[in-house]
Structures are given as structure tokens and as C-alpha cells.
Amino acid sequence: EARIAEFYLIGNTSDRAFIGVADPDTGMRSTIVFSLPAGTTNLTFDGAGIGERFIGDATRFADSQPILPGTATLEVNFSYDLRYEQGQTIERALDLPIASIAVLVSSETIGVDGMGLNPGGFMNTQMGMAASYSGGPLAAGEAFSFAFVPQTMPVPTPTPTTQPAAPRDSGS
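Everything in this summary refers to the structure shown in the same document.

Each value, and the rule that gives it
- Residues numbered from 1 in each chain as written.
- Predicted model: local features only at pLDDT ≥ 70, side-chain atom pairs only at ≥ 80, totals over all residues.
- Heavy atoms only, no water.
- Helix = DSSP H or I, 4+ residues; strand = E, 2+ residues; numbered from the N terminus.
- Rg over C-alpha atoms; globule rule 2.2 N^0.38 Å.
- Pairing = 2+ DSSP bridges.
- Axes fitted to C-alpha atoms, helices over the stretch in contact; angles between N-to-C directions.
- Phe/Tyr/Trp six-rings, centres within 6.5 Å; stacked < 30°, edge-to-face > 60°.
- Buried < 20%, exposed > 50% of the residue type's maximum accessible area, 1.4 Å probe, protein only.
- Polar contact = N/O pair within 3.5 Å; in protein donor to acceptor, adjacent residues only side chain to side chain.
- Contact = heavy atoms within 4.5 Å.

Bringing the overall build of the protein into the picture now. Helix and strand counts for the protein come out as zero helices and 14 strands. Along the protein, from the amino end to the carboxyl end, the secondary structure elements read β-β-β-β-β-β-β-β-β-β-β-β-β-β. Relative to its length of 172 residues, the protein is extended, with a C-alpha radius of gyration of 20 Å against a globular reference of 16 Å. Along the first, second and third principal axes, the C-alpha atoms of the protein reach 75 × 45 × 30 Å.

Looking now at the sheet that holds strand E6 (residues 54–56). Pairing is antiparallel across the open sheet formed by three strands, whose spatial order is E4-E7-E6. With partners counted over all chains shown, the strands left at the sheet margins are strand E4 (32–35) and E6, one partner each. Within this sheet the neighbouring strands show an average axis-to-axis angle of 25 degrees, counted without direction. Relative to strand E7 (residues 60–63), E4 runs antiparallel, the two being bridged by four bridges. Each residue of the ladder has a partner; that of Ile-32, found in E7, is Asp-63.

Applying the stated criterion to the full structure yields eleven aromatic pairs. Here the aromatic rings of Phe-34 and Phe-61 are separated by 5.5 Å at their centres, their planes lie at 25 degrees, and the arrangement is stacked. Here the residue Phe-34 occupies a position in strand E4, and Phe-61 occupies one in strand E7, the gap between them amounting to 27 residues. What makes Phe-61 buried here is its relative accessible area of 1%. Seen from their ring centres, Phe-61 and Phe-78 are 5.0 Å apart, and the 80 degrees between their planes marks the pair as edge-to-face. In this pair, Phe-61 is assigned in strand E7 and Phe-78 in strand E8 (residues 70–82), connecting sequence segments 17 residues apart.

With respect to the helices, strands and loops of the structure, Asn-12 is situated in strand E1 (residues 2–12). Taking the relative accessible area as the measure of exposure, Asn-12 reaches 8% and is therefore buried. Within the structure, the side chain of Asn-12 is placed 2.9 Å from the side chain of Ser-14, a separation counted as a polar contact. If we ignore the near neighbours within four places in the chain, the residues touching Asn-12 are Ala-17, Phe-18, Ile-67, Leu-68, Pro-69 and Gly-70.

Right under this line is the structure:
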């Protein structure tokens with residue numbers, strides 16, 4: 001199992017704010033929808049979550065935040081746990097322009113491979129050591145996907161930290 005984090009910087013190429021479409025059941029408006037793979041657990045958001053900014057559940061959710069005009073005016077950040085199955089693919093086709101994408105995988109043995117995703121090395125995150133991948137921009141409706149593969153990036157060796165010597169009591 002690995003913790004996966006996805007980060008999206010979303011744009012709006014029109015000259016008006018996009019407030020989304022209203023859900024007939026809840027009346028809440030949604031601007032962009034994400035589906036998660038079967039077996040996803042522990043979905044979390046950076047900030048307000050389901051029932052606040054986002055509507056849905058752990059398999060499919062929508063953002064209710066309006067998207068202002070501009071190249072990159074909305075951030076969507078979420079993470080989840082997923083059991084590793086080599087070759088399992090996550091596909092996305094979002095109806096809005098995406099300025100940039102980042103995918104983080106908190107595993108030293110599991111990586112991702114996807115057209116347009118570039119490996120960025122390992123970094124320390126709130127999830128622990130994670131492999132990072134970035135991509136974009138993507139046009140509205142342009143599909144992209146990533147598949148789980150064995151990790152090929154070199155894992156950094158922790159640098160030992162040296163503690164300053166404690167001051168000695170001179171006995172005076």
C-alpha cells in the first residue's frame with residue numbers, strides 16, 4: 001500500500017468566473033469532478049474536505065470552489081491510500097485547463113509512469129519520503145493517465161546529522 005497525493009493547478013481561460021453546475025439533489029455547485037480507483041481509503045484534502053468545499057464521497061468527489069479567470073487560479077490537493085497493483089492505471093480527463101499537475105507517491109519501491117509526467121526525484125513531505133512527478137499544462141478535456149510501476153528513481157541516502165558537542169563544565 002502507498003499514499004498517493006495529487007495536486008492540480010487549474011485555470012479558466014474565459015473572462016468570467018466559472019461557478020460550476022448545480023447538483024439537483026444538494027443544490028451545491030461543482031466546478032470539477034475527480035473519480036478515485038477502487039480500493040481507495042483514507043481520502044484527505046489540504047484544507048476543507050467532503051461536506052465543506054467538496055461534495056461526494058471517497059470514490060468520486062467534486063470541487064465547489066468557483067474558478068476565477070486566469071491561467072492558474074484554483075488549487076486542488078488531495079491524497080489517499082491505495083493498495084499497490086503493478087500496472088494499475090489512474091486516468092483523468094478534466095473539463096478545464098490544467099496549468100500543472102504533481103503526483104507524489106510515499107514509497108521507495110513504487111513509482112508511477114505516465115505520458116507527460118516527469119520524475120522529479122524524492123522529497124520529504126508530510127507523508128514521509130515521497131517520489132515526485134510533475135506534468136502539464138493540459139488543455140480542457142485533454143486526457144492523461146499514470147500507471148503504478150516499480151520505482152526506478154534512486155532513493156536518497158539519509159544524511160547523518162551531527163550534533164554540536166555539549167559544553168563542558170569547567171568546574172569553576
